[in-house]
Amino acid sequence: MSPENVQEAEQYGEQQSRDFAGAVGEFAAESRENVVAFKFGGTSLLGAKRMLHAAELVKQAARTSRVAVVVSAMKGVTDQLLALARLVDSGKLAEAKRKADSLLRLHADVLFELQLDELDHQRVWHDLRLLGRDLLHEVSSSAHGGNEAHHDSLASFGERFSARLFAAALDACDVSAVPVTSSEFVLTCDTFRDAKPDMEETRRRGRDVLQPLLESGLIPVVTGFVGATRDGRVTTLGRNSSDYSGAIIAHVVDADELVIWTDVDGVYTANPNESSEARLLQQLSYEEAHALAAAGAKVLHAEVLPLAAETEMVVWVRNTFNPEFRGTRIGPSVGQLKHENSQRGAA
């Protein structure tokens, strides 16, 4: 499905969820000991209807697997936060505060449309108001000497709002979930706006945070894009890094598969919106996907494939709005699998 036609997704309902129940078997094991990581992009989470639709996909997978979820900010929100940061830099503090209030109202509207029961609504609204207060505080703090660290802190609020709302959407679908801010455990350097994670320390810290949640039957809804320095300053991993965040969280929880939910049916040989000759690829090895990316194709964030290959984790690229479609599978090459199977047989 092209982004232009993505509005049709609002018409997907219970039938698509039933269809997905069959499709999910391709990447979910029969036992709940299997772990799957889901990453949802901003288009997949744009508004209450889409959040509830995505929550149904998680619910279906959770019947057979433990699931960890990584979320982007709602589409357009990070751009608004960066515009807010520029207003602060320009000394336009009153306008920046109005934009911060507008962002809180935007997420409050989504909460209202989730139609939670009164107690749950009040609980989530309390959390959103606290985030809004923190955002305003960050705006005021940035006004007294803004820098790149403040930019990253401001940019992190999109994912923080999104995680809280998506956890609420899961609760509305009778799935127990808890929002988790990735800065609690994703340890990075202090190169703000393009921070690099310390994977060994991130994995150690992340397992302490996420494993108890998974083992207790809760679904962690983790913010993508965000980390923190050793002294606690918020960082971001760079624009369009939420796929990478998905791979990091999948690595932390030893996921067998990472499913990247987006608004197209999978990986194409070219941009399907620009080329009539674009062809959907159903299966790729890590090497083939890397070669496509090196040739300029928009496949995945450059760091996803090396991290997936390290543990032979299978990566799926699938369409949130066409979930019955198989999508693209990226994993070990056929030759590599045959070799590993023969080695196991010899053992």
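Right, let's walk through the structure included here.

### A closer look at helix α8 (residues 199-215)
Then step 1. Here α8 spans 22 Å end to end across 17 residues, near enough to the 24 Å set by a 1.5 Å rise per residue.
Then step 2. Considering bend angle alone, the principal kink of α8 is centred on R207 and spans about 35°.
Then step 3. Among the residues of α8, M199, E201, T202, G206, L210, Q211, L213 and L214 are the ones counted as buried.
Then step 4. Buried residues along α8 sit in contact with β2 (66-71), β3 (177-180), β4 (219-223), α9 (242-252) and α11 (304-311).
Then step 5. G217 sits one or two positions beyond α8 and adopts a positive phi of about 90°.

### Observations concerning the environment of V222
Then step 1. Mapped onto the fold, V222 is located in strand β4.
Then step 2. Given the relative accessible area of 0%, V222 is considered buried.
Then step 3. Expressed as a C-alpha distance, the spacing of V222 and R164, which sit 58 residues apart in the sequence, is 9.3 Å.
Then step 4. Excluding its chain neighbours within four sequence positions, the residues that come into contact with V222 are V69, V70, V71, V180, S182, F185, L210 and I249.

### Some remarks on the sheet that holds strand β11 (residues 314-319)
Sheet strands pair by backbone hydrogen bonding; their relative direction is either parallel or antiparallel.
Then step 1. As summarised here, the arrangement of the eight strands in space is β3-β4-β2-β1-β7-β11-β12-β10, forming an open sheet in which the pairing is mixed. At either margin of the open sheet sits one strand with a lone partner, and together these are β3 and β10 (283-285). Within the sheet, the average angular offset between the axes of one strand and its neighbour, ignoring direction, is 20°.
Then step 2. Taken together, the five bridges between strand β1 (residues 35-40) and strand β7 (residues 257-262) define a ladder with parallel strand orientation.

### Points about the side chain of T235
Then step 1. Among the structural elements, T235 can be located in strand β6 (residues 234-236).
Then step 2. For T235, a relative accessible area of 0% puts it in the buried group.
Then step 3. A polar contact is formed between the side chain of T235 and the backbone nitrogen of A228, at a distance of 3.4 Å.
Then step 4. Once residues lying within four places of it in the same chain are set aside, the contact partners of T235 are D152, T188, C189, F192, A195, F225, V226, G227, A228 and T229.

### Describing the pairing of β4
Then step 1. Burial of β4 is extensive: five of the five residues sit out of reach of the surface.
Then step 2. Here β4 shows no split at all, with I219, V221 and T223 on one side and P220 and V222 on the other all buried.
Then step 3. Direction of pairing for β2 relative to β4: parallel, over a ladder of three bridges. Each bridged residue has a counterpart across the sheet, and for V70 the counterpart in β4 is V222.
Then step 4. Pairing between β3 and β4: four bridges, direction parallel. By the bridge assignment, P179 is partnered in β4 with V221.
Then step 5. You can see the chain leave β3, run along α8 and come back into β4, and the turn it takes is right-handed.

Conventions and cut-offs
Residue numbers run consecutively from 1 along every chain, following the written order of its sequence. Given that the model is predicted, a residue must reach a pLDDT of at least 70 before its local features are reported, and side-chain atom pairs must reach 80 or more before they are shown or counted; all residues, however, enter totals for whole chains, interfaces and linings. Derived side-chain values reflect all non-hydrogen atoms in the structure, with water molecules and hydrogen atoms excluded from consideration. Put simply, DSSP marks the helices as runs of H or I at least four residues long and the strands as runs of E at least two long, and each gets a number from the N terminus on. Each helix should span, by expectation, one fewer than its residue count multiplied by 1.5 Å. In this analysis the local bend is the angle between axes fitted, respectively, to the seven residues ending at and the seven residues starting at the residue. Summary of the burial criterion: residues with accessible area below 20% of their type's maximum are buried, those above 50% are exposed, and those between are partly exposed, where the area comes from a 1.4 Å probe applied to protein chains only. Should any heavy atoms of two residues lie within 4.5 Å, those residues are considered in contact. Between any two strands, at least two bridges found by DSSP are needed for them to pair. Throughout, an axis means a line fitted to C-alpha atoms (over the contacting stretch in the case of helices), and angles, computed between N-to-C directions, take values from 0 to 180 degrees. For this analysis, a polar contact is any N or O atom pair within 3.5 Å, provided that within protein one partner can donate a hydrogen and the other can accept it, and provided that sequence-adjacent residues contribute only side-chain to side-chain pairs. When the strands point away from the viewer, a crossover counts as right-handed if the route from the first strand across the helix to the second turns clockwise.

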